[in-house]
Amino acid sequence: MIRTRFAPSPTGYLHIGGVRTALFNYLFAKKHGGQFILRIDDTDRQRNVAEALQPILDGLRWLGINWDEGPETGGQYAPYYQSQRTGKYQAAVDELLRRGAAYRDFAAPEEIQAERDTALNEKKTYTYSRTWAAQNDDDVKKFEAEGRQSVVRLKMPRSGSLIIHDLIRGDVEFQWADEQDHVIQRADGSFIYHLANVVDDEDFRISHVIRAEEHLSNTPRQIFMIQALGYRLPEYAHLPFVAEPGSKTKLSKRKLDKYLKNKDFSKLMTHGKSIAGRIGLEITDDNFNPVITDFYEQVGYLPEAVVNAMALVGWALDDKTEFFFMPDLIEHFSLAGVTKGAASFDPAKLFAFQEKHFVTKTAEEKYELCKPFLEKGNLTIPSKPFLLKLIEAAGDRIKVAGDILDFADFFMPDEALPYNEADVAKRFTPESLPLLQEFAARLERQDDWSSAALEALMQQFLDEKQIKANQVIHTLRVAVTGKSTGLGMFETLALLGKERVRRRIERAVALKTPQEQTS
RNA sequence: GGCCCCGUCGUCUAGCGGUUAGGACACGGCCCUUUCAAGGCCGCGGCACGGGUUCGAUUCCCGUCGGGGUCACCA
C-alpha cells in the first residue's frame, strides 16, 4: 500500500513551495490508489498551534489537496500531531538507549562548542570526543552529582558508508564518519524533529518519503535510527526545491522586498494589491504575499490554476502537454518525470495558467466566483441577469475573479462615476463635442437598444457625416464610462441602457463646460 | 570550509549516442481592430568550460567553473 505524507509546521501560512511538496505527495499517493496523510510537526510547542495551523489546512483544502488521514479528518493512526505523540517518542529514545544506539550526554553547550572551535582551528572534521557521554548508571550519577544536565545523542557509526537509493537522484553515498552524534532529545525532555519524524513515518506506515531536497543531508541520521530501531525503510524521493524567480536560491517569504524587484513578481503583486485595496483587505507581508497561498485565494485566482502551475515546477509529462486539471495530474504523475535541478517559481507563468483556466469557466461559474468580491467591496450588487451580461461582455478581460471590481462603473450611480481627467482632456475637444451631442440626440430617438442596432445607428451616423469611427467613439466612451479603455462600445451602451447613457453623457458634457451650464 | 545535490533559450522544460536541439511562459514585430483584452502569424533566444570514450556527443566518464543545500538542544 502506498502511503505518503506532508508534514508542515504550524507557521501561520502555507508556503507555495510547501504546496508543491504536498501536491506531489498527494498525486503520487492517488495515482497508486494509496493514501495521503497530513501530519503536523509541532514539536516546537511555543506557538498557538490551532491558529497557526488553520491557514495551512484551509489552503490545502482550497487547492483540492485533500488528506485521507490527519487533523480534522482523523484516521486509524491518530493523533497526527507530534505534540500529542511524545509517549511514542520517549519509548523510541529509551529503546535506542537500550540498544546502545544512543547515549546520555552531559556536556554543557559551551564544552561542545569548544571542541568544535578546536576542530575548526585545526582544520579537522569535528567529531565529538564523547567525554561527557554516560557509559553506565554510575556515570549518570557522577555527572548528575556535578549538577550537569543531559541530552540524548545518537551514537553514530564512525566508519563505513551508507548508500541511499533515492527515487529521483539515484544512489547517494554518505560516509558515517562525517555524521555527528546528533541530539534527539533536548535537556528539557522535548524531542528533536528527526526522531519524531522517523517514529511517525513508521507508525503511520509511510511507504514513500517525498520531500524537498534540503532534507537529503538529514537522511543518514534518520536511516541510522530506522535501522537501530528495526523499522522498515521507506522509499525516498528528494524533490528539487522551489527557487526564487530568476534565481536558484530557495524561495522564502521573508524576501518579499527582493522579489518585488523582479518585474513579473511585482506585476502579480501590484495587480493583487489593486484588488485587495478595493475590498478593504489589510495588507501585510504575512497575509499578502505571492509566496503564500492565501494571496491567490484572496484576489480570486482559481485553485486549479495554482495547482497546474505548481505541478510544473519540477515536473513535466512530455514535450507539449501543460494544461492539466487535478484528475489529469493524478493520472499522469510519476516520480520519473520529476526533474533534479532547482526550479524557479515563475509568477508570469502562474498568471498565464490562471488566464487559461479562467476562460474555460462559464458565465454562470464566473458569476459565482466574482460575486463575493462585490460583496467584499461593499458595492451595490446588481441583478444577476445584469451581472451575467456584464461578465459575458467583459469576456477574457476578467482574469481573476477580483477583476470584476474593474467593472464597477457599470453599476455605480451615474452621479458617482469618476472621470479620468487626462482622457477627458484628450477626447473632449471643440471638434468632438458637437459630434458627441449630435449622436446623443440620435440615441435619444433610438428604441432598439440592442448592441447590434446601436452599432448600425452609429454606422449610419458615420456615413452621413463622412467621418471615421474614432472621431466620435472615443469621446463617447469617455463620456459614458469615464475612461478611454473598456468593453466594446456598443456592448457598453447596451449594458448601460438608454436612461443611464443619457444621464452620463449629460453629466460629462456639463463637467466639461461648467461655465456655459451655469450661465 | 567539510559533506551532498544540481547545471538545455531570461524562466519552466522535452531530449535518455546520430534531431535543422522541440514546446510553453515572457519579450519584440506584424495582422485584426472603436479603446483595452483576446486571437492569428513571424521573430529573438539555449546544450557552462576543458579533456577523454566513440565513426559520431546536449546525451556516457573525469576534471574545472558556477549555482544550491546541509553541517543546531529549528523543522
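Above: the structure in question.
Described below are features of the structure shown in this document. (Residues numbered from 1 in each chain as written. Chains lettered and ligands numbered in written order. Predicted model: local features only at pLDDT ≥ 70, side-chain atom pairs only at ≥ 80, totals over all residues. Heavy atoms only, no water.)

Along the backbone of chain A there are 22 helices and 11 strands. Dimensions of chain A along its principal axes, counting C-alpha atoms only, are 110 × 45 × 40 Å. For chain A, buried positions account for 52% of its 519 residues. Put simply, 72% of the contacts in chain A that link residues at least 6 apart link residues at least 24 apart. By element, 50% of the accessible surface of chain A is carried by carbon and sulfur atoms, the whole surface being about 24000 Å². With 68 positive and 76 negative side-chain charges, chain A shows a separation of 2 Å between the mean positions of the two kinds. (Helix = DSSP H or I, 4+ residues; strand = E, 2+ residues; numbered from the N terminus. Buried < 20%, exposed > 50% of the residue type's maximum accessible area, 1.4 Å probe, protein only. Contact = heavy atoms within 4.5 Å. Areas by Shrake-Rupley, 256 points an atom, 1.4 Å probe, with all protein chains shown as cover. Lys, Arg positive; Asp, Glu negative; His and termini not counted. Charge placed at Lys NZ, Arg CZ, Asp CG, Glu CD.)

Okay, the layout of surface pockets next. Estimates place the volume of the largest pocket at around 890 Å³. Along the walls of the largest pocket sit 29 residues, with A7, P8, G18, E214 and H215 positioned nearest its centre. The set of elements that each furnish at least two residues to the lining of the largest pocket consists of β1 (3-6), α1 (16-31) and β8 (208-212). The biggest single contributor to the lining of the largest pocket is α1, with 5 residues. Looking at the lining of the largest pocket residue by residue, the class counts come to 12 nonpolar, 9 polar and 8 charged. (1 Å grid on protein atoms, 1.4 Å probe; cavity = no way out; pocket = protein on both sides within 12 Å on 5 of 7 lines; lining within 4 Å. Points joined across faces, edges and corners; volume = space filled by probe spheres on them. Nonpolar A, V, L, I, M, F, W, Y, C, P; charged D, E, K, R; others polar.)

All right, on to the nonpolar core then. Counting residues in each nonpolar core, the largest one holds 122 residues, and the members touching the most others are I65, Y296, I404 and I505. A total of 9 residues in this core trace back to one element, the largest contributor, which is α1. Residues in contact with I65, not counting those within four places in the same chain, are V19, A22, L23, Y26, F36, L60 and M326. (Core = buried A, V, L, I, M, F, W, Y, C linked by side-chain atoms within 4.5 Å.)

Here the focus is the protein's contact with RNA strand B. Around RNA strand B, the structure places 63 residues, and the nearest of them are R169, R186, F241, E322 and R397. Here, RNA strand B places atoms within 4 Å of the protein, and 74% of those atoms are sugar or phosphate. Measuring from a phosphate oxygen of RNA strand B, one finds a backbone N or O atom of Y193 at 3.1 Å. Within the side chain of D396, an N or O atom sits 3.0 Å from a sugar or linking oxygen of RNA strand B. Looking at the surface near RNA strand B, the elements that each hand over two or more residues are α4 (109-121), β6 (170-175), α6 (193-203), α9 (263-278), β11 (343-344), α13 (347-358), α19 (473-481) and α20 (489-496). Among the elements that take part in the surface near RNA strand B, α13 stands out by supplying 5 residues, more than any other. Its residues assigned to classes, the surface near RNA strand B comprises 23 nonpolar, 16 polar and 24 charged. (Near = heavy atom within 4 Å. Polar contact = N/O pair within 3.5 Å; in protein donor to acceptor, adjacent residues only side chain to side chain.)

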